[in-house]
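Observations on chain architecture
Each chain, letter by letter, is given below.
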Amino acid sequence: MDGAAGPGEGPAHETLQTLSQRLRVQEEEMELVKAALAEALRLLRLHGPSTSLQDSGVPASTRDSSITAPPGLPPTCSPSLVSRGTQTEGKLEMEPSSGPPGLSNGPPALQGGSEEPSGTQSEGCSSSSGAGSPGPPGVLRPVQPLQRSDTPRRNSSSSSSPSERPRQKLSRKAASSANLLLRSGSTESSRGSKDPLSSPGGPGSRRSNYNLEGISVKMFLRGRPITMYIPSGIRSLEELPSGPPPETLSLDWVYGYRGRDSRSNLFVLRSGEVVYFIACVVVLYRPGGGPGGPGGGGQRHYRGHTDCVRCLAVHPDGVRVASGQTAGVDKDGKPLQPVVHIWDSETLLKLQEIGLGAFERGVGALAFSAVDQGAFLCVVDDSNEHMLSVWDCSRGAKLAEIKSTNDSVLAVGFSPRDSSCIVTSGKSHVHFWNWSSGAGVPGNGTLARKQGVFGKYKKPKFISCFVFLPDGNILTGDSEGNILTWGRSVSDSKTPGRGGAKETYTIVAQAHAHEGSIFALCLRRDGTVLSGGGRDRRLVQWGPGLVALQEAEIPEHFGAVRAIAEGLGSELLVGTTKNALLRGDLAQGFSPVIQGHTDELWGLCTHPSQNRFLTCGHDRQLCLWDGEGHALAWSMDLKETGLCADFHPSGAVVVVGLNTGRWLVLDTETREIVSDVTDGNEQLSVVRYSPDGLYLAIGSHDNMIYIYSVSSCGTKASRFGRCMGHSSFITHLDWSKDGNFIMSNSGDYEILYWDVAGGCKLLRNRYESRDREWATYTCVLGFHVYGVWPDGSDGTDINSLCRSHNERVVAVADDFCKVHLFQYPCARAKAPSRMYSGHGSHVTSVRFTHDDSYLVSLGGKDASIFQWRVLGAGGSGPAPATPSRTPSLSPASSLDV
């Protein structure tokens, strides 16, 4: 098979990766040993002659709290902090802060008999001496003598000013599977030792040899340490939920249609269902209502593809469907091979897989033969030579193959009268192929090409579509707006040694039909032909001799005509270049039944009391969707890229953040802009109302969070303050349930906490926020969700996260086209999840609806919106049984794992 690894290449590569990872782990262990020895030396100096302490003027109470462990706790740091292959909380304290300089990354000193740290940091376990400016990881700082009690500490407000502290930057060292190491706050062995938080560990145990055990966990992203403090109510990680959640997802509705950049994308089946595609999903849509009426209806979905679908073909029986996908890469960067699936539209079962390993880049066009019960399938791939191949559908065997052309091929089809005749068209060409099956023996077939001769007619830049007429002629539509009629002629050949007859295809008639390109031609059951224009957006019906009979114009906001399919009776289905699917006829006009965005999506928020949600993205459209009616409620042009949005708790207004630093507040009913404010000149990444609706937080790429006080149900806002302290752009934020505090994440993986009600103050001791309850949980970094991060993550693998309102599950949108469901809290490394596929691009956002009955997810560049029904425990019903699939179905297929 093409692309297969050579003998021994795969195992050798894996062995090399394993050895490299072990080497990195050993290097970390050496740094840990060095750090522990330096700490031991410092402690030995501290435990020197008692007279030196007494002479220094340090009070006895301070000496006791600095050196002696509080009652009921094990002694403070000792040389046994490092065990084989592990990292301890002693090491955590010796590493630089993951937040801005001056913040307390570790909990303060344990004093007296209290089980919780106080507000000052212990000098006994901190590797930072004096001013406490952090150094680079793995670098041992000089050992300093014990300072007087008035020496500034790391968490003291009297430490060096921000202007004097260099801003920490992300390490540029290579990221690998060793760069995401989840470690608990003790000496957990990398060789599978028992969780330290659940081990008894008496005073003589190495696990209990310091006073920070069970306080925090740590993970690494791109070599940067991230410390997360364990809530006081959790005595052991064993108490936390394990396994995937009982809830499951079922794909309820797909918003959108891929018409902007694809052809052969709209057909009607024998059942009356309309079949089209977007992302990795082929949608079977059952229209509701009459022609030109409201949409309604329902959807089914074929989800067997592992990457974006690019073209469709319907078998002559009107039941079987062939769909071709593009090539892609998996989460490890390995290429995925393009393939064609032949499947049953009634059962949604895959019947045959065609061409695995035979195509390059993707499948560009395909067609079934007509006169022999659809026994053959013709495929054109997207390689440089645009290979044309013919396949036996029942056996999946390739019968013939030939290089087509170096120019793009846009359409392919078998003649309905003769399966040995195949036509392809594209850039500056139309080719007529004569195919011989070679007695059905795989590889024995032949393909011979004859070029269409334009003669006195101008050769167009593109011939984008064609149809076969009942009389044997062929109509083509081109980029000049002309419909050309091609006929076959046979002339005697006088060339010695050649056959007595020569067959040619020439133009017999031309009609100027449209201004601009013709994107679609459709032969109707009554023998008339429909043409769809690009620039003029007209649908024209043509009679014999290309006489125009009737026409209609598509409204401009739907875009140009991309595809046409004939429905029941006089009903027509029209796909447009702005990803809308219209339904109607030439007399009464057309109305949309499916609509979608046309460019990359990022902004998503759900209504606080209705099954509605709002989306925005790079196409500058702001759309409100009705999740119950599966329809677009309204849309408006923002004039700028929308990146984030949030509803006010009353639902009366919605705030939208733009890429220029502007944010708008709109009335959800009238769509009137009630506020238009600009904060900075960089893009806004998150906007969030407090749960009581009294504050609005705006997270910007200028590293600041702008806070506004809100009144009059969100229609009025005035600047309250700014949260300054992040060293990179804001990515996510959440409000506490009391509306007084904010938790925020940034681009360099900081977790910071802010006292908004107290004047937008940065809470320098992050440990004190470990028990705070949050109204929402969308921050991707935090103790309650750190288990969602996969091994080997580089920090960009998770784009969005959302906890359900009942606080039982958390949904995750990753960078590998997947949606995950985890139990909440998810605070175990490598936590299992339920994984769902269907998006063809990075999933940019996920949100639960107000009652947790649905989950909405956004595809990035595929511009798709998926609405998932939440089933099982806490959902609207039991999880449906997974339909059976053929054994050849790939793991990342329509099965929900």
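Residues numbered from 1 in each chain as written. Predicted model: local features only at pLDDT ≥ 70, side-chain atom pairs only at ≥ 80, totals over all residues. Heavy atoms only, no water.

1. Some points on the overall build of the chain
Tallying secondary structure elements over the chain gives four helices and 57 strands in all. Sequence-distant contacts in the chain: of pairs separated by 6 or more residues, those separated by 24 or more amount to 52%. Total accessible area computed for the chain in this model is approximately 36800 Å², and 50% of it derives from carbon and sulfur atoms. (Helix = DSSP H or I, 4+ residues; strand = E, 2+ residues; numbered from the N terminus. Contact = heavy atoms within 4.5 Å. Areas by Shrake-Rupley, 256 points an atom, 1.4 Å probe, with all protein chains shown as cover.)

2. What to know about the confidence of the model for the chain
With 74% of its residues at a pLDDT of 70 or more, the chain shows a mean pLDDT of 79. With pLDDT under 50 throughout, residues 49-212 is counted as low confidence; its partners more than four residues away or in other chains account for 319 contacts. Segment residues 493-500: pLDDT under 50, and six contacts once partners within four positions in sequence are set aside and those in other chains are kept. (pLDDT = per-residue confidence, 0-100.)

3. Re the sheet that holds strand β51 (residues 798-803)
Spatial ordering of the open sheet is given by β51-β52-β53-β54, a layout of four strands whose pairing is antiparallel. Edge positions in the open sheet fall to β51 and β54 (834-836), since each of these has one partner strand only. In this sheet, adjacent strand axes meet at a mean angle of 20 degrees when their direction is disregarded. Here strand β53 (residues 819-823) pairs with β54 via three bridges, running antiparallel. Along β54, the bridge assignment pairs His-820 with Met-835. (Pairing = 2+ DSSP bridges. Axes fitted to C-alpha atoms, helices over the stretch in contact; angles between N-to-C directions.)

4. Details of the nonpolar core
Core analysis: the biggest nonpolar cluster contains 42 residues, and Leu-266, Tyr-276 and Leu-855 have the highest contact counts within it. Among the elements that take part in this core, strand β4 (residues 248-255) stands out by supplying five residues, more than any other. When neighbours within four sequence positions are excluded, Tyr-276 is seen to be in contact with Gly-256, Tyr-257, Asn-265, Leu-266, Val-281, Val-282, Val-283, Tyr-285, Gln-299, Leu-312, Leu-581 and Ile-594. In terms of nonpolar packing, the next biggest core, distinct from the first, is built from 33 residues, Tyr-777, Val-785, Ile-798 and Tyr-824 among them. (Core = buried A, V, L, I, M, F, W, Y, C linked by side-chain atoms within 4.5 Å. Buried < 20%, exposed > 50% of the residue type's maximum accessible area, 1.4 Å probe, protein only.)

5. Brief notes about the environment of Arg-828
Within the element layout of this structure, Arg-828 appears in the loop between β53 and β54. Placed 40 residues apart in sequence, Arg-828 and Val-788 show a C-alpha to C-alpha distance of 8.3 Å. Leaving out residues up to four positions away in the same chain, Arg-828 has contacts with Leu-237, Glu-238, Glu-239, Leu-240, Pro-241, Ser-242, Tyr-786 and Gly-787. Side-chain polar atoms of Arg-828 contact the backbone oxygen of Leu-237, separated by 3.1 Å. (Polar contact = N/O pair within 3.5 Å; in protein donor to acceptor, adjacent residues only side chain to side chain.)

6. Quick notes on the state of the cysteines
Under the defined criterion, the tally for this structure stands at zero disulfides. Between Cys-723, a cysteine without a disulfide, and Cys-760, which holds the nearest cysteine sulfur, the sulfur-to-sulfur distance is 4.3 Å. Here Cys-817 stays unpaired: no disulfide links it, and the sulfur of Cys-280, its closest cysteine neighbor, is 6.2 Å away. Accessibility expressed as a relative area gives 21% for Cys-817, which makes it partly exposed. (Disulfide = S-S within 2.5 Å.)

7. Remarks on unusual backbone geometry
With an omega of -5 degrees, the peptide bond running from Tyr-824 to Pro-825 counts as cis. Within the fold, Pro-825 resides in the loop between β53 and β54. Despite not being glycine, Gln-373 has its phi angle at roughly 60 degrees, a positive value. With respect to the helices and strands, Gln-373 occurs in the loop between β15 (363-368) and β16 (376-381). Taking relative accessible area as the criterion, Gln-373 reaches 63% and is therefore assigned exposed. Located in the positive-phi region is Asn-703, a residue other than glycine, with phi close to 75 degrees. In this fold, Asn-703 is placed in the loop between β44 (695-700) and β45 (704-711).

8. Side note on the side chain of Ser-744
As for its placement among the helices and strands, Ser-744 is situated in strand β48 (residues 741-746). Judged by relative accessible area, which is 0%, Ser-744 ranks as buried. Sequence-distant contacts of Ser-744, that is, excluding residues within four places in its chain, are made with Ile-705, His-726, His-732, Leu-733, Glu-750, Ile-751, Leu-752, Trp-754 and Cys-779.

9. Some thoughts on the pattern of salt bridges
Using the criterion set out here, one finds 30 salt bridges in the structure. Put simply, Glu-571 and Arg-583 hold a salt bridge, and the shortest N to O gap is 2.7 Å. One end of the pair, Glu-571, is in the loop between β31 (561-566) and β32 (572-576); the other, Arg-583, is in strand β33 (residues 581-585), and twelve residues separate them in sequence. Accessibility assignment for this pair places Glu-571 and Arg-583 in one class, buried. Within the structure, one salt-bridge network assembled from shared partners comprises Lys-737, Glu-773, Arg-803 and Glu-807. (Salt bridge = Lys/Arg side-chain N within 4 Å of Asp/Glu carboxyl O.)

10. Comments concerning the packing of aromatic side chains
Within this structure, the stated rule accounts for 22 aromatic pairs. Arranged with centres 5.7 Å apart and planes meeting at 70 degrees, the rings of Phe-359 and Trp-391 form a pair that is edge-to-face. Of this pair, Phe-359 sits in the loop between β14 (350-354) and β15 while Trp-391 sits in strand β17 (residues 388-392), and the two are 32 residues apart along the sequence. For Phe-359, a relative accessible area of 8% gives the class buried. A centroid spacing of 6.5 Å and a plane angle of 75 degrees characterise the contact between Phe-414 and Trp-435, whose relative ring orientation is edge-to-face. Placement of the pair is Phe-414 in strand β19 (residues 409-414) and Trp-435 in strand β21 (residues 429-436), with a sequence separation of 21 residues. (Phe/Tyr/Trp six-rings, centres within 6.5 Å; stacked < 30°, edge-to-face > 60°.)

11. Details of the pairing of β45
Burial analysis of β45 places six of its eight residues in the buried class, which makes it a mostly covered element. In the sheet, β44 pairs with β45 via five bridges, with the strands oriented antiparallel. Paired with Tyr-695 across the two strands is Ser-709, which belongs to β45. Linkage of β44 to β45, two consecutive antiparallel strands, is achieved through a turn of three residues, within which Asn-703 is found at a positive phi near 75 degrees. Pairing between β45 and strand β46 (residues 716-724): eight bridges, direction antiparallel. Directly across from Val-710, in β46, lies its bridge partner Ala-717. Turn length for the β45-β46 hairpin, with the two strands adjacent in sequence and antiparallel, is four residues, and the turn residue Ser-712 shows positive phi of about 55 degrees.

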